[in-house]
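Close look at the chain arrangement
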Amino acid sequence: MKRLDNLEKCFSKAEDLLRNSAGSIEASAAELLELLGLAFECDWGTFWKVDEELHVLRPVFTWSRLGVVTVALDRDTRGRSLSLSEGTAGHVWRSRKPLWSCDILSDLCLPRSLDAHAAGLHGGIWFAVKVENIVFGIFEFLGISLLPASEELLIGLEAFGIRIGHQVEKNRLSLKQ
C-alpha cells in the first residue's frame, strides 16, 4: 500500500507537469520519463507515441539514470517503430493493459531484450496513456531490479494512464481552439 501511495504522489506531479506544459505529451516527455522512472526505481525509459497515420509506435524520447550505459538500447529504440504485434510496447498498445515484468529477457522481443540485458536491465514496466477509444502512447521503463507488482499496483498504473490520457485529450482540444 505504501508503494502505491508513493506512486500516487508522483502521478499527481506528472499530471501537474502535463497540465502546465506546452500542451503535448511530447513537450513533457523528458521530464515525465525522469519523474516516473525515478518513482518506479527504474534506470531507463522511453515514451512511444502512436503515429495515427502510419499506425505504429514511434519513440519520442529516451531517458536513463546517470551511470547506466544504454548506448545500444538507445540506438535500437530510436531507430525502431513498432506495430500492434511487435515488442512489449506493441502488446500493451494492443491490449491496453499494463505489464510488469521481473525478467525482461524472456518477455521482450529480440534484439532489444539483449541490449537491455547487456546494460544490466532486468525488469520492465509498460502502460498505455489512453482514454476510452484512443491510445496516445506507451510508457516503457526498465530497471536493474524490480520487485513484483501487486494486482492493486497494476490497477493503479492503468488508472494513472487513463488520468494522463484525459489530460492529453484536454490539451489537444485546447490547442485546436
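Below, the structure is looked at part by part.

Here is what the cut-offs are and how they apply
Residues numbered from 1 in each chain as written. Predicted model: local features only at pLDDT ≥ 70, side-chain atom pairs only at ≥ 80, totals over all residues. Heavy atoms only, no water. Buried < 20%, exposed > 50% of the residue type's maximum accessible area, 1.4 Å probe, protein only. Helix = DSSP H or I, 4+ residues; strand = E, 2+ residues; numbered from the N terminus. 1 Å grid on protein atoms, 1.4 Å probe; cavity = no way out; pocket = protein on both sides within 12 Å on 5 of 7 lines; lining within 4 Å. Points joined across faces, edges and corners; volume = space filled by probe spheres on them. Nonpolar A, V, L, I, M, F, W, Y, C, P; charged D, E, K, R; others polar. Arc of directions from axis to C-beta. Contact = heavy atoms within 4.5 Å. Phe/Tyr/Trp six-rings, centres within 6.5 Å; stacked < 30°, edge-to-face > 60°. Core = buried A, V, L, I, M, F, W, Y, C linked by side-chain atoms within 4.5 Å. Salt bridge = Lys/Arg side-chain N within 4 Å of Asp/Glu carboxyl O. Pairing = 2+ DSSP bridges. Axes fitted to C-alpha atoms, helices over the stretch in contact; angles between N-to-C directions.

With that settled, consider helix α4 (residues 87–95). In an α-helix, one turn spans 3.6 residues, which is why side chains three or four residues apart end up on the same side. For α4, the complete set of buried residues consists of Gly-87, Thr-88, Ala-89, Gly-90, Val-92 and Trp-93. Two residues or fewer after α4 comes Arg-96, characterised by a positive phi angle close to 65°.

Roughly 170 Å³ of internal volume is contained in the second largest pocket. Every element with two or more residues in the lining of the second largest pocket is listed here: α2 (25–39), β1 (44–51) and α7 (151–176). Broken down by element, the lining of the second largest pocket gets its largest block of residues, 3 residues, from α7. Of the residues in the lining of the second largest pocket, the class split is 5 nonpolar, 2 polar and 4 charged.

Residues of helix α3 (residues 71–78) that are buried include every one of Leu-73, Asp-74, Asp-76 and Thr-77, and no others. Buried residues of α3, viewed axially, fall in a sector of 170°; they line one side. Those residues of α3 that are exposed and angled more than 90 degrees off the buried face are Val-71, Arg-75 and Arg-78. Next to the buried residues of α3 lie β1, β2 (56–64), α6 (112–118) and β5 (135–143).

Next up on the list: unusual backbone geometry. We note that His-55 has phi near 55°; this positive angle belongs to a residue other than glycine. Mapped onto the secondary structure, His-55 falls in the loop between β1 and β2. For His-55, a relative accessible area of 46% corresponds to the partly exposed category. The phi torsion at Arg-96 lies on the positive side, around 65°, for a residue other than glycine.

All right, on to the packing of aromatic side chains then. This structure, assessed with the given rule, holds 9 aromatic pairs. Arranged with centres 6.3 Å apart and planes meeting at 70°, the rings of Phe-40 and Phe-127 form a pair that is edge-to-face. Residue Phe-40 is located in the loop between α2 and β1, and its partner Phe-127 is located in strand β4 (residues 123–130); the two are separated by 87 residues in the primary sequence. Take Phe-40: its relative accessible area is 5%, and that puts it in the buried class.

One finds Ile-25, Leu-36, Phe-40, Ile-125, Phe-127, Phe-139 and Phe-141 to be the most contacted residues of the largest nonpolar core, which totals 28 residues. Looking at this core, the elements that each hand over two or more residues are α1 (2–19), α2, β4, β5 and α7. When residues in this core are grouped by element, the largest group, 6 residues, is from α7. Counting 19 residues, the second largest nonpolar core, distinct from the first, contains Trp-44, Leu-73, Trp-93 and Ala-128.

This part covers the pattern of salt bridges. One pass over the full model with this rule turns up 11 salt bridges. We note a salt bridge from Arg-19 to Asp-16, for which the minimum N-O separation is 2.5 Å. Separated by 3 residues within a single helix, Arg-19 and Asp-16 lie in helix α1, roughly one turn from each other. Between Asp-74 and Arg-78 there is a salt bridge; the shortest N-O distance is 3.8 Å.

Moving on to the sheet that holds strand β3 (residues 99–101). The antiparallel open sheet is built from 5 strands, whose spatial order is β2-β1-β5-β4-β3. The sheet terminates laterally at β2 and β3, the two strands that pair on one side only. The mean angle between the axes of side-by-side strands here comes to 15°, regardless of whether they run parallel or antiparallel. Pairing of β4 with β5 involves 8 bridges; the strand directions are antiparallel. Following the sheet pairing, Gly-123 is matched in β5 by Gly-143. The strands touched by α4 are β1, β2, β3, β4 and β5; relative to β4, the strand with the most contacts, the crossing angle is about 35°.

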